[in-house]
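Observations on the three-dimensional arrangement
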Amino acid sequence: MNIRALTIVGAGQMGSGIAQTAAQSGISVMLYDSDPEAGKRGLASIGHQLSRSVDKGRMTKDEMERTLALVRLSAKLEDARPSDMVIEAAPEDRAIKRSIFRELDRICLPQTILATNTSSLPITDLAAATHRPERVIGMHFMNPVPVMPLVEIIRGLATSSDVLASVRALAQAMGKTAVEVRDFPGFVSNRILMPMINEAVYTVYEGVASPEAVDQVMRLGMNHPMGPLALADFIGLDTCLAIMETLHEGFGDSKYRPCPLLRQYVRGGWLGRKTGRGFYVYE
């Protein structure tokens with residue numbers, strides 16, 4: 001299936017990044033958000049990122065305008081009906097995602113592929129909310145989407161080979177490297193990354209070192225481009241907690257138990273960069 005009309009559900013950081021990357025590849029995109037203001041912010045973010053690329057000489061102004069012309073906003077999920085494929089990029093909440101998939105299953109044409117950008121939730125579980133589990137798949141982009149080359153492709157229990165091939169071709173058309181992984185909690189990326197971040201939080205919680213010291217050790221000693229706590233702030237501490245809870249529930253292993261300090265920060269609204277405070281304070 002040649003995917004030329006794409007809908008992105010959710011105009012946040014990930015959704016707008018996926019929409020930008022698709023449009024830059026010449027794919028027509030509808031960016032949906034139930035909140036019209038959130039949709040406008042998502043489109044403005046795309047414009048800002050493209051404008052920076054023009055300033056840096058990475059694209060021309062004409063290319064920027066052609067890219068923006070391929071993105072349209074909608075606050076009506078019914079507008080997704082003619083799409084070849086829909087990528088859901090809603091918050092990492094099982095109930096929210098299953099609700100969206102039930103609605104998309106009702107609205108979209110029988111041949112439409114339904115994909116989720118979930119970073120940890122089982123694809124098979126989300127597919128079970130539909131009557132087309134063979135056409136449901138995971139397509140986990142990395143953040144920031146326009147920059148990071150990897151996409152994890154996760155096949156659910158019933159996902160067809162044709163759908164897998166179509167999604168792999170879409171990822172390649174978007175300039176990404178597609179890596180197929182099995183449908184286990186956290187897949188590969190977050191099954192490895194999040195326990196490391198959680199352990200970094202524990203070192204702060206237990207008074208072993210300050211956030212600055214932990215990040216400095218990992219940057220200078222392990223050659224990581226960003227320390228784990230600065231990375232957690234970038235991802236969002238609420239997202240990190242949600243993924244750790246998914247791992248803990250999915251495997252039933254205490255090694256995935258979220259650090260109490262991580263829970264406390266999330267309950268206190270210290271979610272990282274997006275709220276101005278996490279392990280660090282941001283202007």
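By convention here, each chain's residues receive numbers from 1 onward along its written sequence. At least 70 in pLDDT is required for a residue's local features to be given in this predicted model, at least 80 for side-chain atom pairs to be given and counted, and no such filter applies to totals for whole chains, interfaces and linings, which use all residues. Each side-chain value is derived from all of the structure's non-hydrogen atoms; neither hydrogens nor water enter the calculation.

Where an unreviewed UniProt entry is consulted, the protein appears under the name 3-hydroxybutyryl-CoA dehydrogenase, with the organism given as Paenibacillus spongiae. UniProt positions are given in the numbering used here, feature names are shortened, and annotations may be inferred rather than shown by experiment. Reading the Sequence similarities (unreviewed entry) entry of the UniProt record for the protein gives the comment "Belongs to the 3-hydroxyacyl-CoA dehydrogenase family." Quoted verbatim from the Pathway (unreviewed entry) heading of the UniProt record, the comment on the protein is "Lipid metabolism; butanoate metabolism."

Aromatic rings from Phe, Tyr and Trp, taking only the six-membered ring of Trp, are treated as a pair when their centres fall within 6.5 Å; an angle between ring planes under 30 degrees marks them as stacked, one over 60 as edge-to-face, and anything in between as tilted. Under the counting rule described, the total for this entry stands at four aromatic pairs. On the basis of an interplanar angle of 40° and a centroid distance of 4.9 Å, the ring pair of Y265 and F279 is categorised as tilted. One end of the pair, Y265, is in helix 11 (residues 260-267); the other, F279, is in the segment after helix 11, and 14 residues separate them in sequence. A single burial state applies to Y265 and to F279, both of which are buried. Note on criteria: charge over ring means Lys NZ or Arg CZ within 6 Å of the ring centre, with the direction from the centre no more than 35 degrees off the ring normal. Over the ring of W270 we find R277; its NZ or CZ atom is 3.9 Å from the centre of that ring. In DSSP terms, a helix is any run of H or I states spanning at least four residues, a strand is any run of E spanning at least two, and both are numbered starting from the N terminus. Buried, partly exposed and exposed residues are distinguished by accessible area as a fraction of the type maximum, computed with a 1.4 Å probe on protein chains only: under 20%, between the cut-offs, and over 50%, respectively.

All axes here are fitted lines through C-alpha atoms, helices being fitted over the stretch that makes contact, and every angle between N-to-C directions spans 0 to 180 degrees. Two elements in contact, helix 9 (residues 228-235) and helix 10 (residues 237-251), have axes separated by 6 Å at closest approach and are oriented at 100°. The angle between helix 9 and helix 10 places the two elements in the roughly perpendicular class. Contacts from A232, D233 and I235 of helix 9 reach helix 10 at L237, T239 and C240. Its residues placed into classes, the contact of helix 9 with helix 10 shows four nonpolar, one polar and one charged. Angle categories: roughly parallel below 35 degrees, roughly antiparallel above 145, roughly perpendicular from 65 to 115, and oblique for all the rest. Contacts are residue-level and defined by heavy atoms, with any inter-residue pair within 4.5 Å sufficient. Polar here means any residue other than Ala, Val, Leu, Ile, Met, Phe, Trp, Tyr, Cys and Pro, which are nonpolar, and Asp, Glu, Lys and Arg, which are charged; Gly is therefore polar.

Turning next to the UniProt feature "domain: 3-hydroxyacyl-CoA dehydrogenase C-terminal" (unreviewed entry) in the protein. According to UniProt, the feature "domain: 3-hydroxyacyl-CoA dehydrogenase C-terminal" (unreviewed entry) maps to residues 186-282 in the numbering used here. Annotated as 62% helix and 0% strand, the span residues 186-282 places its first and last C-alpha atoms 28 Å apart.

A few words on the packing of helix 7 (residues 189-205) against helix 8 (residues 211-222). Running from amino to carboxyl end, helix 7 crosses helix 8 at an angle of 135°, the nearest separation of the two axes being 9 Å. Considering the angle they form, helix 7 stands oblique to helix 8. The crossing of helix 7 and helix 8 is right-handed. Contact residues: M196, A200, T203 and V204 in helix 7; P211, V214 and M218 in helix 8. Residue classes in the contact of helix 7 with helix 8 are distributed as six nonpolar, one polar and no charged. For a crossing to be left-handed, the near helix must be turned anticlockwise from the far one by less than a right angle; the clockwise case is right-handed.

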